[in-house]
There are 2 protein chains.
Amino acid sequence: MARTGRRPGTGGTKERILAAARSDFARAGFEGATIRGIAAHARVDPALVLHYFESKDGAFRAAVQFPVDPAEFIPKLLAPGLDGLGERLVRFFVETWDSPAGSPLLGVIRSVVGNEDAATLMREFVQRQVLGRIARALELDQPQLRATLAASQLIGLAMLRYVVKVEPLASARTDEVVAWLGPTVQHYLTDPDVAKPTRVSRRRR
Amino acid sequence: MARTGRRPGTGGTKERILAAARSDFARAGFEGATIRGIAAHARVDPALVLHYFESKDGAFRAAVQFPVDPAEFIPKLLAPGLDGLGERLVRFFVETWDSPAGSPLLGVIRSVVGNEDAATLMREFVQRQVLGRIARALELDQPQLRATLAASQLIGLAMLRYVVKVEPLASARTDEVVAWLGPTVQHYLTDPDVAKPTRVSRRRR
């Protein structure tokens, strides 16, 4: 899918940079890849990479074709504090999928499931740009675990509501989905019980 | 993918029946499709369909390439009662994915995500063979909703642990995963609060 050869015509340069970015991020990871390296790989000036994508973060997000910017939406969701964070996350997630960004998100799921390199890229993107940001804000034990458990519930929601389309999840109103799943996401993010995993807990039944 | 023309050579007959089954189940649904119709479509005797797949259920399961039989595992999981059902479901799910059945399950996810017909087939299969069986056993309000919410958590687990491979979920021991997610699945299946979705619940925070 990613080719780095020079192409004629307008728009080819941006595509070439993106292909180089995909290849470099997949090979070297986010830390290892550089704007300079991507530019060399795409045979353009580094300034052109920054012109199109603003930063390494921006190039990474474009490389994984993620339609919303975690640097923007996560601070907004976190700003009111931990109280109600689970419900805000579920609501934002559903509203994003129900918006024009939903269709590219479906594309992201398709490429991640179908392609090992895309899965590697997405793993690094999600861990760094999404889960890492939430984990740093939590100030609780096992923040990475908490963010990952919350993500597992959200991805499962996307699979059943938007991919397989199982009722009643597929047609439920946003408020209903928030009421059903918000408490779970909140539990993962802030419940002290979550971080005691050594024995099978029988407490919450 | 599904072709129904006659093919030469051994093994072709079973494949032809499967292709006919996939096409008939996708077009007519489980209720609408018949052993007789699948046989006619594959140009074989209905007895041959039963020889290979035992029943319409069996042909359906083979058509969606589901590697475990819900008619077998669900009654086993339900037998000890509702108490601890969430943890038993999570444990069975993880153990199945970690077994030789995991690789075909990944194939199921790939085809469902990549192909609308496969998603339709899987939706009917999961609703009827998996969620329906659990819902009937629950004897609680909104059983279909409960089973679907539980499934959303399990599918999300599969996506993060086996497809995208996000840590710490990817390398966690079965017992840890059961301790983290079992209470959530149990909550969806049996908590009276789940079935009051008209307003955003603020109780469980």
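Located above this text is the structure these notes cover.
As a convention, each chain's residues are numbered from 1 in the sequence order in which they are written. The order in which chains are written sets their letters, starting at A; the order in which ligands are written sets their numbers, starting at 1. Reporting in this predicted model follows two pLDDT cut-offs: at least 70 for local features of residues, and 80 or more for side-chain atom pairs to be given and counted; totals over whole chains, interfaces and linings ignore these cut-offs and use all residues. With hydrogens and water set aside, each side-chain value is computed from the structure's full complement of heavy atoms.

**Student:** Even after reading the chapter, I still don't get the packing of aromatic side chains, so can you show me in this structure?
**Tutor:** What characterises a pair of aromatic rings is the spacing of the ring centres plus the angle enclosed by the ring planes. Stacked, edge-to-face and tilted labels apply to pairs of Phe, Tyr and Trp rings (six-membered ring for Trp) whose centres lie within 6.5 Å, assigned for plane angles under 30 degrees, over 60, and everything in between, in that order. One pass over the full model with this rule turns up 18 aromatic pairs over all chains. Relative to B:F92, the ring of B:F73 lies with its centre 4.5 Å away and its plane at 25°, an arrangement referred to as stacked. Of this pair, B:F73 sits in helix 5 (residues 70–78) while B:F92 sits in helix 6 (residues 85–97), and the two are 19 residues apart along the sequence. Under the scheme applied here, a residue whose accessible area is under 20% of the maximum for its type counts as buried, over 50% as exposed, and between as partly exposed, the area being computed with a 1.4 Å probe on protein chains only. Residue classification places B:F73 among the buried residues on the basis of a relative accessible area of 13%. Following the ring pairs from residue to residue traces out a cluster consisting of A:F25, A:F30, A:F60, A:F66 and A:F125. Note on geometry: a ring has a charge over it if NZ (lysine) or CZ (arginine) is within 6 Å of the ring centre and within 35 degrees of the ring normal. In this structure, A:K56 packs its charged tip against the face of A:F30, placed 4.6 Å from the ring centre. Segments assigned H or I by DSSP are reported as helices when at least four residues long, segments assigned E as strands when at least two residues long, and all are numbered from the N terminus.

**Student:** Any chance you could explain the environment of B:A170 here in plain terms?
**Tutor:** Residues and elements named next belong to chain B. Looking at the secondary structure, you find A170 in the loop between helix 9 (143–163) and helix 10 (174–190). Using a relative accessible area of 21% as the deciding quantity, one classes A170 as partly exposed. Discounting chain neighbours no more than four positions away, the residues touching A170 are R161 and K165. Two residues qualify as a contact provided that any one of their heavy atoms is within 4.5 Å of a heavy atom in the partner residue.

**Student:** Quick question: what am I supposed to make of the nonpolar core here?
**Tutor:** For soluble globular proteins, nonpolar side chains are generally found buried alongside one another. Remark: nonpolar core denotes a set of buried residues (Ala, Val, Leu, Ile, Met, Phe, Trp, Tyr, Cys) joined through side-chain atoms within 4.5 Å. Core analysis: the biggest nonpolar cluster contains 139 residues, and A:F25, A:V177, B:F25 and B:V177 have the highest contact counts within it. Residue contacts for B:V177: discarding those within four places in its chain leaves B:V90, B:V94, B:L157, B:R161, B:L169, B:A172 and B:G182.

**Student:** I would appreciate a short explanation of the relation of the copies chain B and chain A in the present structure.
**Tutor:** Copy-to-copy superposition: least squares on the C-alpha atoms, limited to residues that have pLDDT of at least 70 in both copies. For the pair chain B and chain A, the best superposition has an RMSD of 0.0 Å and corresponds to a rotation of 180° with a translation of 0.0 Å parallel to the axis. Both copies are brought into coincidence by an operation consistent with a two-fold rotation axis. Minimal C-alpha separation from the rotation axis in chain B is found for B:G156, amounting to 1.8 Å. In this assembly, 100% of the residues forming the interface of chain B have copies in chain A that are likewise at the interface, indicating an isologous arrangement.

**Student:** Sorry if this is basic, but what is going on with the side chain of A:T96 here?
**Tutor:** Residue and element names in this part refer to chain A. In this fold, T96 is placed in helix 6 (residues 85–97). With relative accessibility at 7%, the residue T96 sits in the buried group. Polar contacts, as used here, are pairs of N or O atoms within 3.5 Å; protein pairs need one atom able to donate a hydrogen and one able to accept it. Residues neighboring in sequence count only if both atoms are side-chain atoms. A polar side-chain atom of T96 sits 2.7 Å from the main-chain carbonyl oxygen of F92. Apart from the residues lying within four places of it in its own chain, the contact partners of T96 are V68, A101, G102 and L105.

**Student:** Is there a simple way to think about the interface of chain B and chain A in this case?
**Tutor:** Reports of interface size often rely on the accessible area that becomes lost once the parts have come together. Across the boundary between the two partners, chain B contributes 55 residues, which contact 55 residues of chain A. Buried area, as used here, totals the accessible surface that two parts lose on assembly, with accessibility defined by a 1.4 Å probe and the loss added over both. A buried area of about 4700 Å², summed over both sides, lies between chain B and chain A, and 62% of it is on carbon and sulfur atoms. Here, a salt bridge means any Lys or Arg side-chain nitrogen found within 4 Å of an Asp or Glu carboxyl oxygen. Our enumeration of links across chain B and chain A arrives at two salt bridges. We note a salt bridge from B:E116 to A:K165, for which the minimum N-O separation is 3.4 Å. Run the count over chain B and chain A and you get 14 residue pairs in polar contact (both at pLDDT 80 or more). Every element with two or more residues in the side of chain B that touches chain A is listed here: helix 6, helix 7 (102–114), helix 8 (116–138), helix 9 and helix 10 of chain B. Ranked by the residues each element gives to the side of chain B that touches chain A, the list is headed by helix 9 of chain B, at 13 residues. As a working rule, the residues Ala, Val, Leu, Ile, Met, Phe, Trp, Tyr, Cys and Pro are called nonpolar, Asp, Glu, Lys and Arg charged, and the rest polar, with Gly in that last group. Among the residues making up the side of chain B that touches chain A, the classes are represented as 27 nonpolar, 13 polar and 15 charged.

**Student:** Just to check I follow, could you spell out the pattern of salt bridges for this structure?
**Tutor:** Where charged atoms of side chains with opposite charge meet at close range, the side chains can pair. Residue and element names in this part refer to chain A. Scanning the model with the defined rule gives 16 salt bridges over all chains in all. The residue D69 makes a salt bridge to R61 at a minimum N-O spacing of 3.6 Å. In this structure D69 comes out as partly exposed when scored by relative accessible area, which is 25%. Taking the relative accessible area as the measure of exposure, R61 reaches 24% and is therefore partly exposed.

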